[in-house]
Amino acid sequence: MKKEIVDNKTMKRTLTRITYEIIEKNKGDQNLVLIGIKTRGTFLAQRIQNRLRQLEDYEVPFFELDVTNFRDDQKTTEGAIPTFTDKDIDNKNVVLVDDVLYTGRTIRAALDAIMSIGRPGKISLAVLVDRGHRELPIRADYVGKNIPTSRHEAIKVSMAEVDDEDGVEIISHEEQN
């Protein structure tokens, strides 16, 4: 069973709203940095960066983060080299961007990765979807949609950059295969 929750237009409006919230909370602060968690968080962060450029007429630095080596459920010895250095994030207001907030483990891994590189002044979290079921005490500062789900459901975020369309669906476990 699939149920569309967010379509293309709704996603654009949601990202614009998140962008305005970031502007309001940071009061036009030029000290802002966006970090997108690979893969779909990267594209969301790039879209927010573009909207910030359009709305505020300044360029916010954007970086991509692969958290594979920092996950507690996937032990691996190889992973991506970070695309940023301590000079890029030290004393900056970092907005970490991801598509879905679920247990909080990916965000914990991202925080560990960021802190292993440098020391931001502040880290905020922006997510397109918060589906609940946290296992760690993590909450988002900017949320596109709160979509309560059961553990027998999954959230599928589609993005034009990799999926040829934008949207968010709830999928039952039978449909995930």
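Calculation notes
Residues numbered from 1 in each chain as written. Predicted model: local features only at pLDDT ≥ 70, side-chain atom pairs only at ≥ 80, totals over all residues. Heavy atoms only, no water. Helix = DSSP H or I, 4+ residues; strand = E, 2+ residues; numbered from the N terminus. Buried < 20%, exposed > 50% of the residue type's maximum accessible area, 1.4 Å probe, protein only. Contact = heavy atoms within 4.5 Å. UniProt positions renumbered as here; feature names shortened; annotations may be inferred. Pairing = 2+ DSSP bridges. Axes fitted to C-alpha atoms, helices over the stretch in contact; angles between N-to-C directions.

## Some remarks on the environment of Tyr 102
For step 1, the next point in the chain: Within the element layout of this structure, Tyr 102 appears in the loop between strand S4 (93–101) and helix H4 (105–117).
For step 2, the next point in the chain: Here Tyr 102 falls in the partly exposed class, since its relative accessible area comes to 27%.
For step 3, the next point in the chain: Taking the C-alpha atoms as reference points, Tyr 102 and Arg 134, separated by 32 residues in sequence, lie 5.9 Å from one another.
For step 4, the next point in the chain: Leaving out residues up to four positions away in the same chain, Tyr 102 has contacts with Arg 131, Gly 132, His 133, Arg 134 and Arg 151.

## Re the UniProt feature "short sequence motif: PRPP-binding" (unreviewed entry) in the protein chain
For step 1, the next point in the chain: Sequence positions flagged by UniProt for "short sequence motif: PRPP-binding" (unreviewed entry) are, in local numbering, residues 94–106.
For step 2, the next point in the chain: A helix fraction of 15% and a strand fraction of 62% characterise residues 94–106, whose end C-alpha atoms lie 16 Å from each other.

## As for the sheet that holds strand S2 (residues 32–37)
For step 1, the next point in the chain: Strand order in the open sheet formed by 5 strands is S3-S2-S4-S5-S6, and the pairing between neighbours is parallel. With one partner strand each, in any of the chains shown, strand S3 (62–65) and strand S6 (142–146) form the two edges of the open sheet. Adjacent strand axes in the sheet meet at a mean angle of 25 degrees when their direction is disregarded.
For step 2, the next point in the chain: Pairing geometry for strand S5 (residues 122–130) and S6, over 4 bridges, is parallel. In the sheet register, Asp 130 faces S6, and the bridge partner there is Asn 146.
For step 3, the next point in the chain: On top of the sheet, helix H1 (residues 8–26) reaches S2, S4, S5 and S6; it is set at about 150 degrees to S6, its chief contact.

## Remarks on the sheet that holds strand S7 (residues 153–158)
For step 1, the next point in the chain: The sheet built from 3 strands is open, its strands ordered S1-S8-S7 with antiparallel pairing. Of all strands in the sheet, those with a lone pairing partner are strand S1 (2–6) and S7, marking the two edges. The sheet shows a mean angle of 25 degrees between the axes of neighbouring strands, taken without regard to direction.
For step 2, the next point in the chain: Relative to strand S8 (residues 167–172), S7 runs antiparallel, the two being bridged by 6 bridges. By the bridge assignment for S8, Ala 154 is matched with Ile 171.

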